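Coordinate analysis (summary)
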Amino acid sequence: MRKYILSEGEIPKRWFNILPLLPEPLDPPLDPETKEPVSPDKLAVIFPEPLIEQEVSDKEWIDIPEEVLEVYSLWRPTPLHRAKNLEEFLQTPAKIFFKNESVSPPGSHKPNTAVAQAYYNKISGVKRLTTETGAGQWGSALSFATQFFGLECRVYMVRVSYNQKPYRRILMETWGGEVIPSPSPNTNAGRKFYDQDPEHPGSLGIAISEAIEEAATRDDTKYSLGSVLNHVLLHQTVIGLEAKKQMEMAGFYPDVIIGAVGGGSNFAGLSLPFLADKLRGDKPDLKVLAVEPTACPTLTQGEYRYDFGDTVGLTPLIKMYTLGHDFVPPPIHAGGLRYHGDAPIVCKLYDLGYISAVAYKQTEVFEAALTFARTEGIVPAPESAHAIKAAIDEALRCKETGEEKVILFNLSGHGYFDLSAYDKFMRGELED
Ligand SMILES: *Cc1c(COP(=O)(O)O)cnc(C)c1O
C-alpha cells in the first residue's frame, strides 16, 4: 500500500500532553526584572485562561472540544504515505513513510493549533486576535481559523515580505484577516521605526512587539503564537497520534522519526506520541531527529540557557537552546526555520539525550526537495524539505549497511507559495 487513510471518526478525541512524562520538569519562564517565575496573571493580559492552563497542565490527556474537531474534520485525518517511488529511486532497503500535513487548506500543520487557539479565545470572550507573520504561513493559518469562530484577526506582516510575497497576504485577506505592513503607525513599537522611515523593511521582532502591544492595550484583544509554547506543541500532537494508528495499519513501528525544526511544533507534534514510548522505556532504540538549517543552527550550535523569546526583549525569559535573541539569520528561503530559539520541551528532551539534531545547507535541501517532487509528486515547503533531506541521508546509510530501517518524517507543508525560491535554485542562483 502507498497510502494509509483513517476515517473521519478516527480523528483523535484528545491531545497528548508530554509534560507529566518528562524525566525532569521544565525550568519555568522568568520575569526579566525580578528573575522570579512569571505569575499567571501577567500572561493573562495576552493569553486566555484555558491556554494558560494547558501551558502548565499535568494531565496526560486533554479532551479536544467538539467545535475544534468539527473544523479539524475539514481536512483531518491527514494521510500517511509510503514513499515507494523515493525508495526505488534511492535503491534503499529502508522503508520511508511520511505524514502529509500539506493537505490542510492553508497548506501546513499550523491550523492544528490556530483552530484550537481561536476556539479557546472565543469561549473566553475575546473578540480580536493579533499576531505577527514573516512569510505568511502562520498569519494565513490564523486568518483561516478565526473566521470559523467569528473573531477578527489582525496580522502584522514584516514589510519586506508584505511587498515581496503578495500571495500569502491575499490568502489572509481572502479568509477575512486584516494584514498590516510592519512597522506601522498603529503602535508605539511600530511608530519608532515608521516615523523615521515609512518604508522601513521591518523584522519579525518589530512585528511581534506590535502584535503584543496591541493585545496588551486592548481589552477585547489577545495575542496568538504559532510555535514554541507548550500548548502549541500539545495541539500539534494530533499529527503523531494519527500517525501512530496509521503506522500500525502499515504493520511497522518507526526506527527513525524526522522533522524540520523552526520553533519545534511540527517536529514535536509528530514525534511526542512516539517519544512517550521511549520515555517509558518501551522503545529505547527509537531515534528522533530534529533538522535545522546551517544558517540558523539552534540545537546543533546554540547554548542551553535563559533568553528572551523575541528579538526586542518583551517576553519572559525562557530556558532553551538559543543563538541569542539578537541573532539575525541570513535570509534563507525556509523562512519558518529562522527562529533563534526552540520550544522548551524540545530543548529539554535534546539536553537529556532523547532527541538528536542535524543541520543542512540550503542548496542540498532544495536538491532533496526536487528529488521528492520528481518521485512522490508533491512540491514540499522548503522547511519540510529539511526533513526530506535527512530522511534521504538516513535511507542512503541503510543502502550501505543493508539495514531495513523504517523511517517516518513529517511533510509539514507544501511549497506552492515558494515557487520563486525553486526558480532561483533551478537557475543556479541560490547560495548557501
Ligand atoms: C512554520 C513552519 C515550520 C516551522 O515551524 P515549527 O513550529 O518548527 O513546526 C515548518 N514547516 C512549515 C511548512 C511551516 O509553515
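Here the structure is a predicted model, which is why all the values come from computation and not from measurement.

On to the side chain of Asn-100, then. Locating Asn-100 in the fold gives a position in strand S5 (residues 95–100). In terms of polar contacts, Asn-100 uses its side chain to reach the side chain of Ser-102, at 2.6 Å. Ignoring any residue separated from it by four or fewer positions in sequence, one finds Asn-100 in contact with Thr-78, Pro-79, His-81, Ile-378 and Leu-411.

With that out of the way, let us pick up unusual backbone geometry. Residue Pro-77 is bonded to the preceding Arg-76 through a cis peptide linkage, with omega at -5°. When you line up the elements, Pro-77 lands in the loop between helix H3 (66–72) and strand S4 (80–82). Here the amide bond leading from Ser-182 into Pro-183 is cis, since omega sits at 5°, within 30 degrees of zero. Among the secondary structure elements, Pro-183 is positioned in the loop between strand S8 (178–182) and helix H9 (188–196).

Turning our eyes to something else, we now look at the domain arrangement of the chain. Each assigned domain of the chain is listed with its residue range as follows: domain 1 (3–8 + 65–108 + 231–426) and domain 2 (16–59 + 110–227). The distance between the C-alpha centroids of domain 1 and domain 2 comes to 23 Å. In this complex, domain 1 contributes 49 residues to the contact, which on the side of domain 2 involves 46 residues. For the domain 1 and domain 2 pair, buried surface summed over both sides reaches about 4,300 Å², with 68% attributable to carbon and sulfur atoms. Where domain 1 meets domain 2, there are three salt bridges. The shortest N-O distance in the salt bridge between Lys-319 and Asp-27 comes to 3.8 Å.

Following the criterion strictly, the structure yields 23 salt bridges and no others. Measuring nitrogen to oxygen at the nearest pair gives 2.8 Å for the salt bridge that ties Glu-242 to Lys-99. Highlighted residues: Glu-242 in helix H11 (residues 230–250) and Lys-99 in strand S5, separated in sequence by 143 residues. Lys-99 shares its class with Glu-242; the two are buried. One salt bridge connects Arg-169 with Glu-173, and the closest N-O pair in it is separated by 3.1 Å. In this pair, Arg-169 and Glu-173 both sit in helix H8 (residues 166–174), four residues apart, roughly one turn of the helix. One salt-bridge network, in which partners are shared between bridges, spans Arg-128, Glu-152, Arg-154, Glu-178 and Glu-214.

Considering soluble globular proteins, one finds that nonpolar side chains tend to be buried as a cluster. Counting 41 residues, the largest nonpolar core has Phe-97, Leu-272, Val-346, Leu-349, Ile-355 and Leu-408 as its most contacted members. Taken together, the elements giving at least two residues each to this core come down to H11, helix H12 (265–279), strand S11 (287–293), strand S13 (317–322), helix H14 (344–351) and strand S15 (406–411). Ranked by residue count, the leading element in this core is H12, at eight residues. A domain-level breakdown of this core finds at least three residues from each of domain 1 (3–8 + 65–108 + 231–426) and domain 2 (16–59 + 110–227). Apart from the residues lying within four places of it in its own chain, the contact partners of Leu-349 are Leu-22, Leu-272, Leu-275, Leu-279, Tyr-354 and Ile-355.

What follows covers the environment of Glu-242. On the accessibility criterion, Glu-242 (0% relative accessible area) is buried. Between the alpha carbons of Glu-242 and Ile-11 there is a distance of 7.1 Å; along the sequence they are 231 residues apart. Apart from residues lying up to four places away in sequence, Glu-242 is in contact with Leu-6, Ile-11, Pro-12, Arg-76, Pro-77, Thr-78 and Lys-99. Here Lys-99 takes part through its side chain, which lies 2.8 Å from a polar atom of the side chain of Glu-242.

End to end, helix H16 (residues 382–401) covers 29 Å across 20 residues, agreeing with the expected 28 Å (1.5 Å per residue, within 8%). Most of H16 sits out of view: 15 of its 20 residues are buried. Taken from the residues just after H16, Gly-402 is the one with a positive phi, measuring 80°.

We now examine the sheet that holds S11. Pairing is mixed in the open sheet, where seven strands are placed in the order S1-S4-S5-S15-S10-S11-S14. Two strands bound the open sheet, and with one partner strand each, they are strand S1 (3–4) and strand S14 (356–360). Of the pairings in the sheet, the one linking S11 to S14 comprises five bridges and is parallel in character. Bridge assignment links Val-291 to a residue of S14, and that residue is Val-358. Taken strand by strand, H11 contacts S1, S4, S5 and S15, and its axis lies near 140° from that of S5.

This part takes up the packing of aromatic side chains. Throughout the structure, instances matching the rule amount to 19 aromatic pairs. Taking the centre distance of 5.9 Å and the plane angle of 50° together, the rings of Phe-97 and Phe-252 count as tilted. Here the residue Phe-97 occupies a position in strand S5, and Phe-252 occupies one in the loop between H11 and strand S10 (256–260), the gap between them amounting to 155 residues. The exposure class of Phe-97 is buried, given its relative accessible area of 0%. Members of the aromatic cluster, connected to one another through ring pairs, are Tyr-72, Trp-75, Phe-144, Phe-148 and Trp-175. Directly above the aromatic system of Tyr-253 lies the positively charged group of Lys-283, at a separation of 4.2 Å from the ring centroid.

How each quantity is defined
- Residues numbered from 1 in each chain as written.
- Predicted model: local features only at pLDDT ≥ 70, side-chain atom pairs only at ≥ 80, totals over all residues.
- Heavy atoms only, no water.
- Helix = DSSP H or I, 4+ residues; strand = E, 2+ residues; numbered from the N terminus.
- Polar contact = N/O pair within 3.5 Å; in protein donor to acceptor, adjacent residues only side chain to side chain.
- Contact = heavy atoms within 4.5 Å.
- Domains from an automatic or database assignment.
- Buried area = accessible area lost by both parts, 1.4 Å probe.
- Salt bridge = Lys/Arg side-chain N within 4 Å of Asp/Glu carboxyl O.
- Buried < 20%, exposed > 50% of the residue type's maximum accessible area, 1.4 Å probe, protein only.
- Core = buried A, V, L, I, M, F, W, Y, C linked by side-chain atoms within 4.5 Å.
- Expected span 1.5 Å × (residues − 1).
- Pairing = 2+ DSSP bridges.
- Axes fitted to C-alpha atoms, helices over the stretch in contact; angles between N-to-C directions.
- Phe/Tyr/Trp six-rings, centres within 6.5 Å; stacked < 30°, edge-to-face > 60°.
- Lys NZ or Arg CZ within 6 Å of the ring centre and 35° of its normal.

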